[in-house]
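# Chains, contacts and geometry: an overview
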Amino acid sequence: MTGHTNEYPRGLEVTAVLREPTLRAAIEAVRLDEGSHGLDVGCGIGTFTLLLADSVGPDGGVTGLDVSADFLDFARARAQDVGLADRVSFRQGNANALPFEDSSFDSAWSVDCVGYGTSNSEVLIREMARVVRPGGLVAILAWSSERLLPGHPQLEARLGATSAGLAPFNAMMAEGMHLPRGLGWFRKAGVQAPAALALSGSVFAPLNDSVRAALTALIDMRWPGVESELEPEDRLEFRRLCDPESPDFILDHPDYYAFFTYSLFWGTVSG
């Protein structure tokens, strides 16, 4: 991950209430052993690191790694706040060259990191597999779709075609770099028995304060700076529906419903 302004980690923290149930479901899907030790590559502000630490119990542990010192400071403070500082450690480093010996962990995860941007995902997965013991787990999890504007499919489709809406992909990205091709990354990296699973989360009205704040932040994070890429009529409709100050703000609709999906890919390190 690259550096961000202070608003970005705060936005990640606020939106965690939406994502945490789905992230927990991903952990449950692969059945981590209690007392195991894992690595969270590209850990950001530590949301998933802390969920992993909770799942492996007091005898287990998790190391979070990120290139951003600001994110890591944020993650350490969160670990203290929730009482999990004794199960986690954080280290600054590069996912392309993990600063750990071979077979150092029972599992290695990457959430909303591998499969994003222009990095070679096969290389990243191979490096994750290097630091996991034979028979251990390598897994990646990434946000893959959303529907946040119920009743407005054309506008949402157009927003999805903007530069921000396509992220973490871009129009020039080779087809093999797209997240739905993740099984191939695992096979080419030598990870055994790759598997995939779609996981979903949803919310609906009436929205409590924390979910409303999370959705407001998510809309802002998902489609930043898109107005210059929209036609005038779509720009007006976007402002009408997505501006919290608008009398027609979409989250105020009494029948509001939204959902999103994550894609999980995982496999086993060969002996």
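Residues numbered from 1 in each chain as written. Predicted model: local features only at pLDDT ≥ 70, side-chain atom pairs only at ≥ 80, totals over all residues. Heavy atoms only, no water.

What follows covers the environment of Glu227. One can find Glu227 in the loop between α8 (209-222) and α9 (232-242). A sequence separation of 102 residues divides Glu227 from Ile125, and the C-alpha atoms of the two residues are 36 Å apart. The residues touching Glu227, leaving out its near neighbours within four places in the chain, are Arg235, Phe238 and Arg239. For Glu227, the side chain forms a polar contact with the side chain of Arg239, separated by 2.7 Å. (Helix = DSSP H or I, 4+ residues; strand = E, 2+ residues; numbered from the N terminus. Contact = heavy atoms within 4.5 Å. Polar contact = N/O pair within 3.5 Å; in protein donor to acceptor, adjacent residues only side chain to side chain.)

What follows deals with the pairing of strand β2 (residues 61-66). With 6 of its 6 residues buried, β2 lies for the most part within the structure. Burial of the side chains of β2 extends over both faces: Gly61, Thr63 and Leu65 are buried on one face and Val62, Gly64 and Asp66 on the other. Where the polypeptide runs from strand β1 (residues 37-41) across helix α2 (residues 47-56) and back to β2, its parallel neighbour, the crossover connection is right-handed. As paired strands, β2 and strand β3 (residues 88-92) are joined by 5 bridges and run parallel to one another. Residue pairing across strands places Thr63 opposite Ser89, the latter belonging to β3. Handedness of the crossover is the feature at issue here: the chain leaves β2, passes through helix α3 (residues 69-81), returns alongside β3, and the resulting connection is right-handed. (Buried < 20%, exposed > 50% of the residue type's maximum accessible area, 1.4 Å probe, protein only. Right-handed = clockwise from strand over helix to strand, strands pointing away. Pairing = 2+ DSSP bridges.)

Note on placement: Gly60 falls in the loop between α2 and β2. We classify Gly60 as buried; its relative accessible area is 8%. Along the chain, Gly60 and Arg87 lie 27 residues apart, while their C-alpha atoms are 6.7 Å from each other. Once residues within four sequence positions are removed from consideration, Gly60 is found in contact with Gly35, Ser36, His37 and Arg87.

We now examine the packing of helix α5 (residues 153-160) against α9. One way to put it is that α5 packs onto α9 with a least axis distance of 11 Å and a crossing angle of 105 degrees. Judged by the angle between their axes, α5 and α9 are roughly perpendicular. The segment α5 lies against α9, with Leu155, Arg158 and Leu159 engaging Asp234, Glu237, Phe238 and Leu241. Across the contact of α5 with α9, the residue classes tally to 4 nonpolar, no polar and 3 charged. (Axes fitted to C-alpha atoms, helices over the stretch in contact; angles between N-to-C directions. Parallel < 35°, antiparallel > 145°, perpendicular 65-115°, else oblique. Nonpolar A, V, L, I, M, F, W, Y, C, P; charged D, E, K, R; others polar.)

Another aspect to go through is the side chain of Asp234. Within the secondary structure, Asp234 is located in helix α9. Among residues more than four places away in sequence, those in contact with Asp234 are Leu155 and Arg158.

Let's shift gears to the sheet that holds β1. Judged by pairing direction, the sheet is mixed, and its 7 strands sit side by side in the order β3-β2-β1-β4-β5-β7-β6 without closing on themselves. At either end of the open sheet lies a strand with only one pairing partner, and these are β3 and β6 (192-204). Direction aside, neighbouring strands of the sheet carry axes that sit 20 degrees apart on average. In terms of strand pairing, strand β4 (residues 105-111) meets strand β5 (residues 132-147) through 6 bridges, oriented parallel. For Val111, the partnering residue across the bridge sits in β5 and is Leu141. Most of the contacts of α2 go to β2, to which it runs at about 165 degrees, and overall it touches β1, β2, β3, β4 and β5.

Attention shifts here to the nonpolar core. Proteins that are soluble and globular tend to have nonpolar side chains buried together. Judged by nonpolar contacts, the single largest core of 55 residues is most densely connected at Trp109, Leu141, Leu215, Tyr256 and Leu264. Ranked by residue count, the leading element in this core is α2, at 6 residues. Setting aside anything within four residues of it in sequence, one finds Leu141 in contact with Leu23, Ala26, Phe48, Ser110, Val111, Asp112, Leu199, Tyr262, Ser263 and Leu264. Ranked by size, the runner-up nonpolar core spans 25 residues in total, among them Ala95, Val132, Trp185 and Val269. (Core = buried A, V, L, I, M, F, W, Y, C linked by side-chain atoms within 4.5 Å.)

Bringing the pairing of β5 into the picture now. Pairing of β5 with strand β7 (residues 257-268) involves 10 bridges; the strand directions are antiparallel. By the bridge assignment, Ala142 is partnered in β7 with Ser263.

Turning our attention to α8. Over its 14 residues, α8 runs 20 Å from end to end, which matches the ideal 20 Å to within 8%, given 1.5 Å per residue. When α8 is considered as a whole, its buried residues turn out to be Val211, Ala214, Leu215, Ala217, Leu218, Ile219 and Arg222. (Expected span 1.5 Å × (residues − 1).)

Without other data, these values stay purely geometric and don't point to any function.
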